[in-house]
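Structure assessment
Here's the letter readout for the chains.
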Amino acid sequence: MNEAVSRSGPGPVMCIVGARPNFMKMAPILRAFAAHEPPIPALLVHTGQHYDASMSDQLFVDLQLPRPDLNLEVGSGSHAAQTAEVMKRIEPAIDEHKPCCVLVVGDVNSTLACALVAVKKGVPVVHVEAGLRSGDRRMPEEINRVLTDQISDRLYTTERSALANLLREGVDEARVCFAGNVMIDSLHAARPRARSAADTLRAHGLDPVMLQSKSGYGVVTLHRPSNVDDADTLRGLLQTLREVAQSLPLVFALHPRTRANIERFGLAGQIDAVRMLLLPPQGYLEMLGLMAGATVVLTDSGGLQEETTALGVPCLTLRENTERPITVEQGTNTMVGRDHAAIRAGVADILAGRGKRGRVPESWDGHAAARIADDLWRWLAGRPAAS
Ligand code: UD1
């Protein structure tokens, strides 16, 4: 086995996507690389962690992402199997394409797997959305974040608090650059093309009249293993949502994991078919339209906490912690956990007009990817010449 040499190859920036939340982060980065003067060559690799049309292909269309240059087609599996499979399949791609660096985004298994292979081969790792911490190491994403940041050479942060997290973990400040939030670049780019909530419901054969209730409607997404993998927890959440739905009709975009568990645990009876409309995972333009028109979004997603803050729509996060504290401190986000009373009270406050208004955080301005392209270009130019 060769010792790693700390030198970049002569090839393109190898840009990795794997799972749904990666796609909205990578789309603006690729556009910014193409628009940079001179253009920054990029090679797009999809690990195939998410593979359903609704979880992957449709998002490529909605976000105007180019077709991946490579698809590793790893598919689903345990954390170990999935991570290992990505590692095995990315290695020959790095050998063949000799990237000048490997750029990973977010915190999914593909992020860590590709970063780990790259660093051991001496290829610099660039991490976009670095330094976010929930403080909860039971979350697989938290492990992915901590480890990816430890082995990254250039780290781009979305909020100022991330730097303090990185410094606490011994990351050299010189490696960190505050760039703002690339997810919000995607939101700005797609907003004019967002699909109306009524059109989305109609497309699924549902009656949009529900959206016109006096209180409007709420949007729900749930997929965290801590919320949906345990039968009692999922039952409790569905019961709470059923009660909420009596005063606020809900549109529920179901992740495949959640749909499978509702069936497996025999919980379909907990759904009020009239006031809780179930949809499959939505495209980006549909989700944007649904969120923008909502009275409140109830979610355990990381991305939706940020997107609702950017849209100024109140968000209740059904988790005990968040790695995105700025959405609570400055934005429209409130943490309600899984507590029945807290969720009901959060919704009641919003219906009474006491929802958080919030403000858009610093540098969530639609230009984060351009700042990354500029910085990365300078940074690459300052590194030793390719071998
Ligand atoms: C992954 C990410 C999570 C992210 C989420 C967004 C990790 C550790 N987790 O979780 O951070 O918020 O994506 O969706 O990387 N499945 C399908 N079709 C697909 C993909 C998955 O049916 O296209 C099903 C499979 O049964 C699979 C399950 O969903 O076992 C979970 O998929 P997986 O990629 O393992 O994790 P997510 O829960 O989606």
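Residues numbered from 1 in each chain as written. Predicted model: local features only at pLDDT ≥ 70, side-chain atom pairs only at ≥ 80, totals over all residues. Heavy atoms only, no water.

1. Looking at the site of the ligand
Within the structure, the ligand sits among 19 residues, and Gln49, His50, Asn109, Glu141 and His223 are positioned closest to it. A distance of 2.8 Å separates an oxygen atom of the ligand from a polar backbone atom of Asp52. Between His255 and the ligand, the recorded distance is 2.9 Å, taken from a side-chain N or O atom to an oxygen atom. Contact with the protein chains removes 85% of the 750 Å² of surface that the ligand exposes when unbound. For the ligand, the cavity whose grid points lie within 2 Å of the majority of its atoms is the largest pocket. Of all the secondary structure elements, the ones that give two or more residues to the shell around the ligand are helix 1 (20–35), helix 3 (79–97) and helix 11 (256–264). A breakdown of the residues in the shell around the ligand according to their chemical character gives six nonpolar, eight polar and five charged. Shared between two domains, the shell around the ligand holds at least three residues of each, these being domain 1 (3–180 + 364–382) and domain 2 (196–351). (Near = heavy atom within 4 Å. Polar contact = N/O pair within 3.5 Å; in protein donor to acceptor, adjacent residues only side chain to side chain. Areas by Shrake-Rupley, 256 points an atom, 1.4 Å probe, with all protein chains shown as cover. 1 Å grid on protein atoms, 1.4 Å probe; cavity = no way out; pocket = protein on both sides within 12 Å on 5 of 7 lines; lining within 4 Å. Sits in = over half its atoms within 2 Å of the grid points. Helix = DSSP H or I, 4+ residues; strand = E, 2+ residues; numbered from the N terminus. Nonpolar A, V, L, I, M, F, W, Y, C, P; charged D, E, K, R; others polar. Domains from an automatic or database assignment.)

2. A closer look at the packing of helix 4 (residues 109–120) against helix 5 (residues 140–150)
Direction vectors running N to C along helix 4 and helix 5 enclose 25 degrees, while the axes themselves pass 9 Å from each other. Between helix 4 and helix 5, the interaxial angle falls into the category roughly parallel. Crossing geometry of helix 4 relative to helix 5 is assigned as left-handed. Mapping the contact onto sequence places Asn109, Thr111, Leu112 and Ala115 in helix 4 and Asn144, Leu147 and Thr148 in helix 5. Among the residues making up the contact of helix 4 with helix 5, the classes are represented as three nonpolar, four polar and no charged. (Axes fitted to C-alpha atoms, helices over the stretch in contact; angles between N-to-C directions. Parallel < 35°, antiparallel > 145°, perpendicular 65-115°, else oblique. Left-handed = near helix turned anticlockwise from the far one by under 90°. Contact = heavy atoms within 4.5 Å.)

3. Examining helix 11
Residues of helix 11 that are buried include every one of Thr258, Asn261 and Ile262, and no others. Each buried residue of helix 11 sits inside an arc of 105 degrees when the element is viewed along its axis, so together they form one side. Among the exposed residues of helix 11, those oriented more than 90 degrees off its buried face are Glu263 and Arg264. Each element contacted by the buried residues of helix 11 is listed here: helix 9 (225–228) and helix 10 (231–247). Gly266 sits one or two residues past helix 11 and shows a positive phi near 65 degrees. (Buried < 20%, exposed > 50% of the residue type's maximum accessible area, 1.4 Å probe, protein only. Arc of directions from axis to C-beta.)

4. Comments concerning the pairing of strand 1 (residues 11–17)
Most of strand 1 sits inside the fold, with seven of its seven residues counted as buried. As paired strands, strand 1 and strand 4 (residues 99–105) are joined by four bridges and run parallel to one another. Across the sheet, Gly11 pairs through a bridge with Pro99, a residue of strand 4. Where strand 1 lies against strand 2 (residues 42–46), five bridges are found, and the strand directions are parallel. If you follow Cys15 over to strand 2, its bridge partner there is Leu44. In terms of handedness, the path from strand 1 via helix 1 over to strand 2 forms a crossover that is right-handed. (Pairing = 2+ DSSP bridges. Right-handed = clockwise from strand over helix to strand, strands pointing away.)

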